[in-house]
Every structure is written in structure tokens, then in C-alpha cells.
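An overview of the molecular structure
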Amino acid sequence: MMTRLPAPAGLFINRDKPIDFSYEGRRLAGFEGDTVASALMANNEALMSRSFKYHRPRGPLTMAGQDANTLMQVGGEPNVLADQLPLTPGVAVTGQNYNGSLQHDRSSLLGWFGRFMPVGFYYRAFYKIPFLRSFKTWPLWEPMIRKMAGLGVLDLAFTPEYYDKCFLFHDVVVVGAGPAGLMAALTAAHGGASVLLVDEQPQLGGSLTYHRFDIDGVEADKLRADLVAQVEANNNIQVLTKAVCNAWFTDNFLPVIQGKRMYKVRAKECIVASGAFEQHVVFRNNDLPGVMMASAASRLIKQYGVAPGQRAICLTGNDDGYMTALDLQEAGIEVAAVVDMRAEPEQTDVLAALQSRGIAHYAGHTVYEALPSAGNRGIRGAELRAITGQGKVASQGKSIDCVVVCMSSGYMPVYQLLCQAGGQLNYHDGSAAFTLTNLPKHLHIAGSVNGRHALSAVLADGERAGRVALHQLGLSEKVPSDVFCSRQVNFDWPIFSHPKGKDFVDFDEDLQAKDIINATRMGYRDIQLVKRFSTVGMGPSQGRHSALATARLVAKATGRTVTETGVTTARPPFAPEKLAHSAGRMFDPYRRTRMHQRHVELGAQMMPAGNWQRPAYYGTTSQRQACIRDEAWHVRHQVGVIDVSTLGGIELRGPDAVEFLERMYTFGFAKQPVGKTRYAVMTNEHGVVVDDGVACRLSDQHFYVTATTSGVEGVYRNMMKWNAQWRLNVDIANVTSAFAAVNVAGPLAREVLLDMGADIDLSPEAFPYLGFRECTLAGMPARLLRVGFVGELGYEIHVPSRFGEALWDAVMGAGKTLGIKPFGVEAQRLLRLEKGHIIVGQDTDGMSHPGELSLTWALNYKKPFFVGRRSVDILMAQPQTRQLVGFTLPANSLKPEEGHLVLQGDDISGNVTSCEFSPTLDAIIGMAFVGIDQAAVGSKLPIRVDGGKRIFAEVVAMPFFDPDNQRQAL
């Protein structure tokens, strides 16, 4: 390892544990604690990727996971940041986005044709040039575009891995474990608060692990050791390292990603001590391997014990560049020069330190061009020129040999979480300094993100933030005063455009200074429009280093200040997260009905329904289909009982209860008689069906409305939201958990209720279909709904939840002589499918309006308003494009599954929503969305099933069973 430095350099690595790995098919070695990028740098492998547009060679820029230069292919996973990926034994790493080999990329020739690919060229080429946008020539361009778009190769045979979630609740969450974050956490913990400390590095300390804060280079190590020891000894502090706080949501809800787990964190007070992003200098070839941030060089030395190169230049706009030069020289690296864009440093002692060590110093100069080595795979030197004005340099300069340029034009606060919270990022053109304002009451900032850059001010600001949090929690009466810091760290114009270009503002998108300026010349003067036209800031690093330079260029080109121009909007997530983090194991309330134990005793196989557990069927898993068919047959021919306690229940009481229902649901309820039920369909503002249920009228001002198991929370939330605007005189109560319920269904259902001693007349004349009654049943107060979801004579029995198990026992006891059997959700779904009844969320999607679902009969056009009425009218007035229809197939046919595609020629026209084999009809039946011209009864539907085979189903009228509804009206 030619560039590995001796101890004590290498805080993160364990030299006693070497690790072998492969890179581009070659075996290399590193140490435990290395990242892939640091191990590659230790093996003199600085070329790690190729750029997106021009395929230019790229090497590490930040060594902190804040750029796209180290995106690599790791096994079957693309786009892995090598400077964040821990080195593991045997890991196989390759570059990506190259044609040929990483060292010799044939597509790098694109750089010679840059003049033909100006900013926005793809928009204009395919919009303005008929030949390119022609349907005849598109097949020629599409494969080329697809090959060059995107990075890496997906492993389509990938086996999903286990990801999960965890909830955490703390008084104070501190984001960032640098000096400010450590001090804030300790202050809050000493005050009695429960503290969570989150940091993305493997060890605590932040900048204390790599930055040199004093000329002798001893202060950071001592301070870090002291603060970390205090944190580790404090029982009030929980620490998460290698963890990223990926967003801020209302009321300090923070998703924190650590490995394969997402922590959903709730904090009473949140302190963001996220630090600042070091900013690059814009000059020709500033993107080549060997050109890196000054902090990246320090990280390589201090954290991983790796020399970034043997001869370096430090280009700086602040005193920190001097400190990096001292780090480099102390590590045995020759420092050819420190190039300061300012006329003089802020602190005179840093210049004296350079002079005492014999390091050349160029004040008022900049690197105008990095001189590339062969094949642009590194640099061999840099041309220095004197700065003569804003962005202007002398006509002649001086070349200095080097293999590394460490640059630092200043810092931009890590503002993303704060702006997600509504914070306002302000830039002061005179001092080139940032401030963040307009933060929510319980969100605080500390350290360099708050514009405090001197170490003493950073520590004091961390303590201040901790005390503010304690005051907000009521644990301290004293309100601390603000911390003042006069240190200036930003050079106001570190952009030196070159007539030959290749002066990159955005490394992700290969955008040069002229691209940003040309975007403004084409009329895109707003920073948001510049972003969308040029794609600046839209790459993996999300503008961390391009946002400020872009704002400066746009401001100058449009005659405004940077403050007036602003920066682009920051949206979550802060860092890339895998879909698996969102799809990982959920933590929903695990709810059981009052009859759960009875189901278990009867051998039920349980399934999730919303956040409830419900019986899927009764019997062994090996006999699943037979069990379901037997249960369905029993309901059709005798009598069955199903636990429906999970159905949502909402009570509406008050003088305006009827008016409220009229507005919330599509049907009419003003004339609904007491003692009757009515089907209730709910649409949202877009006219999309979002829930359905049954509305029971108990009295003139009292309704009991059911909702779907998984939809009741949303229905209740919508009701509360709308009535907050309408202010109707109605009381709305979610009583789902207050009732237990069963549905007794089948030709013998009435006999079961008679045997239970119902104290009301159950005859068809006295208690007809869609009736509602209150009665006493087996000694229990009950609400009876005569409904027919499964298409048979049926009664829903709702009792207070404390009677749930007693109700089940009473029903089973009364029906014993009648052969009653329980049935589960799977049989219920089959039975309702035979009746053509939809399940919202299964047979509907996020665009389904009533017309597509044949629910126009449930729309009351006589009333002036219901939620979504205007959208429904607009949608229904337009030509319909699809329809939900019923279809059948012979019993011996291949059975489509839910989600299988309906075709029209080679195009997709719809999809199957429900499909089952019906033993009653001895046929496969189902529902599907189809093209409107395929919806006619008798049409043949091509359905693509597993294996790519096509089967042809016949469209039939629904319901499939008992079309005259005689059985449920018995």
C-alpha cells in the first residue's frame, strides 16, 4: 500500500485486521474500518467513476458521501457511494457508466463534441428537429438514449432482504455529533433531558476527527476525547452512529436511517448541528481525479491514514486551507504552494506557520486550470494566475507541478432539514455569509450551520442550543443569549470561467459555468427554472456543491443579488434511501377482535386486514381451497357466521347530522326513513371513490355509519377535516372499537336469530331487506342491520364490545341444530364476488370514479353538493376510457391472478382486480378494468397470465349469481 501513512494517522482503521477485496477484477487489500474509496486511494486507485454526460474521469471529491464521484457497482447493486461503503472481506467492486473499461472509456470522446450538446440540447433537439422527433426515427434513438441514461446495472434476480422500522421517543434529538452537537447533547442531558444523538460517521466527533483547529494540531484530538468520554458516560444520551436523519416533518418527526433499519423518531425539541458543506472553486478541469475538497484530503489523512498524493497545492478562500497544508506536510506530503484567493489571511499566525515550514504562498491568486495527465486520468500540475477582478485573472500565469489540488472556497450550511421545516436561508452579499431564519419554535440550530465557525464559538453555540431546549422543556428558567462569531470563511466569487470550458459548476450533471449563464440568456431567469432546464442540482448530490455557485452565476447574469436569487428548494430525503426502508416491516397496532380466541379454538388461519387480525378460513393450510369452498357452500345452502367487528363504525348525532351526510356521501339521506339502511359511497375532491359502507338511521338526528376495515380512519379524519370548515352542528365519533359484530348469513339465518330469543318481529314484512332495528338478543342490547353483502339472507348483529365473545357463543349455540359453521374472509370475498359487489381498494384504484364502477345509481344529482361532486360531473361528462366489468372462464381454464393485465392488441387496456373459482357456478369468475370498447357483454378479453400466456375471458353481466336478488330478500 504505497500511500498508507503510519500511525497515529488513521483514526477509523484497524491495522491488525487486513481485508482483501477486488476492484475491476484485480485483488487489492485494505483494513477494517476503511471505506472502499479510502482503500482504493491507499492502493493508488484515484480513478473511481466516469461522469454522466461526458464520461470524464472522476475521483473522490468530499470523502463524506456528499458527491456522486464515487458511485460504483458493488455486486448486483448499482450506485453505491464508495466513500461511505464500509470495506468488507471479498467485496467485488467495479466502476460504472463506461464503455469499454474504466481506464479507457470509449465514450469519453463525447467530451470533444461538447459544443453540440449545450445546456438543454435534448429538449430542443427532440422538440424542434422533426427528423429526431419523428415516430419513424425514434426506434433508432431510443436504444441509444436508454443505454446512456441511468447508471449501473440492476440485478433482476435479487432476493429481497430484511428491513425493519423502530420507534424512538426523546425529549431532545441532536442531529450531528460534531463539537456543537456533542456540547448540545451534553448540556441537555446534564439538565435532565432524554437525548438522542445522531451522526452519519462511524465515530463521534464530526470535524474533530479530521479538521485541524490549531497550528500545532493537538486541540481537536484532546477536545474530542474529552467530549466523547462524557457522552459515553452519560446514561441520558442514546447514540446512533452511521445514521442519517433523512428529513424533518411537522412536530419534529424525524426518519433516521441506520443500516437496514428506519427509526421513526419523535422529539419534543430538535437541535440540528449538521455543520456545513465545503464549497469548490470553479476552474478548468476542476473535476479530474486529484482535485478534491481540502476537507477530503484531511479526512484521508486523519481518518484513514492515506496520503492523497505526493505533491499538493492548497487553493483556498479562508484560513482552513492553510490548516490543510499543515496536515499534508505533517503527513510527509510535499506542499508545493498555498494559493489564497484573498489578499491576505484572516489570521496572521497561519501565514507565519507556512513561512516557518518553507511552504510557498501566493496571495490574490487562483488556480486557473488543472493540467491533466495522460488520458485525463489525473493531474500533473496547475496553472496559477493573479486575480484582477471578480472572476477575472491576469493574461499570464505560472505552472506548478502537483498531483493533488485541495480546494476550499468556503462553506454553505447543511440547510436541507431546516428548509424542509420552513426555514429561510439568507445570504449576505457583502460578507458572503449565510443565516437561517424562520425556524419552528421547537427546532434549533447550533455550530457552523448557524454561521459560527471558530471552534470556541461552535462549542458555545452548542451549549446555548442545549440550554434553549431545556428552557422549552421547562427544565431550565434561564434563556441563554446568542453567541457572536466574526470569523469569515467564504470567498465571495470563486468562479473563474475558462474560454475552453470544462470549468464545472455541477459535477453530477457535467454542467459548466457557461451552461448556467446560457440558461439565463434563453429566458430562464428564475433559479427554479434554471434548475429544471439545465438539470443543475438534480443529480445524486442534490446541489450540495452546485447550489451556491449556480446562485452566484444566475444573480450576476440577471443583475440581481444572491439573496434575491435564492437557492433551489430542498425536499426530502436528504440522502438516498432504498425503497426497502419504506417497505420494510411495519409497526402497526396489532388488533384482535373480542372473538379472537374463539377463532383460534376453531382452527382459524389468521390474516391481516388493515391493522386487525381476521380469520382467513378455518382448517389446515394444506386444505386451504377445500376449506374456503366448503365455507362458501355452507353459506349458500345452510347458514354461516363471520366476525365483522373490524368494520368501521361512526356515530353522527345532532341537528345537522342529515346535512352532514348529504355533503359527505354521494347518495341522498334527507328522506331516509328511521329504521332503514342505505348504501353510502364516499368520493374525494378529485371524484375518486375512496370508501363505502352502510348508513343506518336510528332517529331523525342520529345515524350509525359503517366504513371499510382499512378505510375507517381516513373516513373519520376526512369527516373531522370537512366539518372544521363547515362548522355544522353535529357530533362525530369513531365507535369502531366500541362495538363487536357478526354477520349471520344463509337461508337459515332468520331461524338462528329466532332461537337467540330476539324480542322483535323478524318476519320479512316487519323487517325487510335493508331494514335496521334495535333489540335485545340473547339478553344483549343489539343493533340489527339486514344487509346482503354475500348475497344471502343476512343480519349484521352489532353489540357493545364487552359482549363480543358472548355474542359469538350465543350465535354458535343457537345455530348448532341448524348446522351453523363459521366462515372467514376468503369465503366472504368469494361470495361477494359472485354478487358483483366491489371492495374499495381492491376493485378500485386511485383514479376510479363512480361511472367506471357502475355506481351512477348511487349518485344523487338532485342535491346541490357532495364532496367531489364537481369533479365527478367533469369526469362523467368526458368520454369514458375504461370500465369495471365482470368476466367468466371455464372451470378448467388457467386462472388469472389479481393484477394480471388485460390486453387490446399489444397494448395494455386494463387489469384484473378480483378473480376466483366459484363452486356455486362451476366457473372462474372475476372483475377487471377494461377499455371502454371492450366492456360490452359478450366481448372477449385477452388476459396475459403467468408465463406470458394469453387466455380469453368472456364479459358477462353482473351479478354472476342470483341476478334478481331473491335470496337476500327471503
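Residues numbered from 1 in each chain as written. Predicted model: local features only at pLDDT ≥ 70, side-chain atom pairs only at ≥ 80, totals over all residues. Heavy atoms only, no water.

1. What about the overall build of the protein?
Along the backbone of the protein there are 24 helices and 49 strands. Projecting the C-alpha coordinates of the protein onto the three principal axes gives extents of approximately 105 × 75 × 55 Å. For the protein, with 970 residues in total, the buried portion stands at 56%. If you take every contact in the protein between residues at least 6 apart in sequence, the share linking residues at least 24 apart comes to 66%. The distance from the centre of the 96 positive side-chain charges to the centre of the 96 negative ones in the protein is 4 Å. (Helix = DSSP H or I, 4+ residues; strand = E, 2+ residues; numbered from the N terminus. Buried < 20%, exposed > 50% of the residue type's maximum accessible area, 1.4 Å probe, protein only. Contact = heavy atoms within 4.5 Å. Lys, Arg positive; Asp, Glu negative; His and termini not counted. Charge placed at Lys NZ, Arg CZ, Asp CG, Glu CD.)

2. Observations regarding the environment of H428
As for its position among the elements, H428 is in strand β25 (residues 424-428). Distance in space between the C-alpha atoms of H428 and D964 is 77 Å, their sequence separation being 536 residues. Other than its neighbours up to four places away in sequence, H428 contacts A433, T435 and T563.

3. Quick look at the sheet that holds strand β47 (residues 923-931)
Pairing is antiparallel in the closed barrel, where 6 strands are placed in the order β44-β47-β46-β45-β48-β49. The mean angle between the axes of side-by-side strands here comes to 45 degrees, regardless of whether they run parallel or antiparallel. Across 3 bridges, strand β44 (residues 882-890) lies against strand β49 (residues 950-956) in antiparallel orientation. From the neighbouring strand, G886 faces β49, where its bridge partner is V956. With respect to the sheet, helix α23 (residues 825-834) is in contact with β46 (907-918) and β47, its orientation differing from that of β46 by roughly 115 degrees. (Pairing = 2+ DSSP bridges. Axes fitted to C-alpha atoms, helices over the stretch in contact; angles between N-to-C directions.)

4. Regarding α23
Counting buried positions over the 10 residues of α23 gives 9, a clear majority of the element. Listed in full, the buried residues belonging to α23 are V825, E826, A827, Q828, L830, L831, R832, L833 and E834. On its buried face, α23 sits against β31 (604-609), β32 (612-618), α18 (624-637), β33 (640-643), β46 and β47. Two residues or fewer past α23, G836 is found with a positive phi of approximately 70 degrees.

5. Thoughts on the pattern of salt bridges
A side chain with one charge may pair with a side chain of the opposite charge, provided their charged atoms come close. Evaluation of the coordinates by the stated rule reveals 40 salt bridges. A salt bridge links R261 to D164; its shortest N-O distance comes to 2.9 Å. Remark: D164 occurs in strand β8 (residues 164-175) and R261 occurs in strand β13 (residues 261-272); sequence separation between them is 97 residues. With a relative accessible area of 30%, R261 lands in the partly exposed category. Looking at D164, the relative accessible area reads 7%, which means it is buried. The salt bridge involving R212 is made with D327; its shortest N-O contact spans 2.9 Å. Taken together, the residues span a long stretch of sequence, with R212 in the loop between β9 (195-198) and α6 (219-233) and D327 in helix α8 (residues 320-330) at a distance of 115 residues. Given the relative accessible area of 3%, R212 is considered buried. (Salt bridge = Lys/Arg side-chain N within 4 Å of Asp/Glu carboxyl O.)

6. A look at the pairing of strand β41 (residues 780-785)
Taken across its 6 residues, β41 has 5 buried, putting it largely inside the fold. Looking at chain direction, strand β40 (residues 772-777) and β41 are connected through 6 bridges and run antiparallel. When the sheet's bridge partners are listed, R773 is paired in β41 with L784. Hairpin connection, β40 to β41: the antiparallel pair is bridged by 2 residues, and A778 has positive phi, about 55 degrees. When β41 meets strand β42 (residues 794-800), the two strands line up antiparallel, connected through 3 bridges. Across the sheet, the residue bridging to L785 is E796, located in β42.

7. Comments concerning the nonpolar core
With 82 residues, the main nonpolar core has Y23, F283, L315 and L328 as its most contacted residues. Not counting residues within four places of it along the chain, the set of residues in contact with L315 comprises V281, F283, V339, M341, H365, T366, V367, V405, C406, M407 and S408. Among the nonpolar cores identified, the runner-up in size contains 40 residues, and M412, Y415, L436 and A555 belong to it. (Core = buried A, V, L, I, M, F, W, Y, C linked by side-chain atoms within 4.5 Å.)

8. What to know about unusual backbone geometry
In this model, A7 is joined to P8 through a cis peptide bond whose omega is 15 degrees. Positionally, P8 belongs in the segment before β1 (14-23). A cis amide bond, omega 0 degrees, links P572 with the succeeding residue P573. Tracing the sequence through the fold places P573 in the loop between α15 (562-565) and α16 (579-583). Here the phi dihedral of D922 falls at roughly 50 degrees; this positive angle occurs in a residue that is not glycine. Tracing the backbone through its elements, the reader meets D922 in the loop between β46 and β47.

9. Here's the deal with the sheet that holds β1
With respect to topology, 5 strands assemble into an open sheet ordered β2-β1-β7-β5-β6, the strand pairing being mixed. The strands lining the two open edges of the sheet, one partner per strand, are β2 (26-32) and β6 (77-81). Between one strand axis and the next, the sheet turns by 45 degrees as a mean value, whatever way the strands run. Looking at chain direction, β1 and β2 are connected through 7 bridges and run antiparallel. Bridged to P18 within β2 is F31.

10. Side note on the side chain of D105
The topology assignment puts D105 in the loop between β7 (92-94) and α2 (121-128). Put simply, D105 is tucked away with no salt bridge, and the nearest opposite charge, on R50, sits 4.0 Å away. Separated by 2.8 Å, the side chain of D105 and the backbone nitrogen of N99 make a polar contact. (Polar contact = N/O pair within 3.5 Å; in protein donor to acceptor, adjacent residues only side chain to side chain.)

11. So, helix α14 (residues 547-558)
Given 3.6 residues per helical turn, the α-helix brings residues three or four places apart onto the same face. For α14, spanning 12 residues, the distance from its first C-alpha to its last is 16 Å, which sits close to the expected 16 Å at 1.5 Å a residue. Most of α14 sits inside the fold, with 10 of its 12 residues counted as buried. Every buried residue belonging to α14 is among A547, L548, A549, T550, A551, R552, L553, V554, A555 and T558, and all of these are buried. Once α14 ends, the next one or two residues include G559, with phi positive near 70 degrees. (Expected span 1.5 Å × (residues − 1).)

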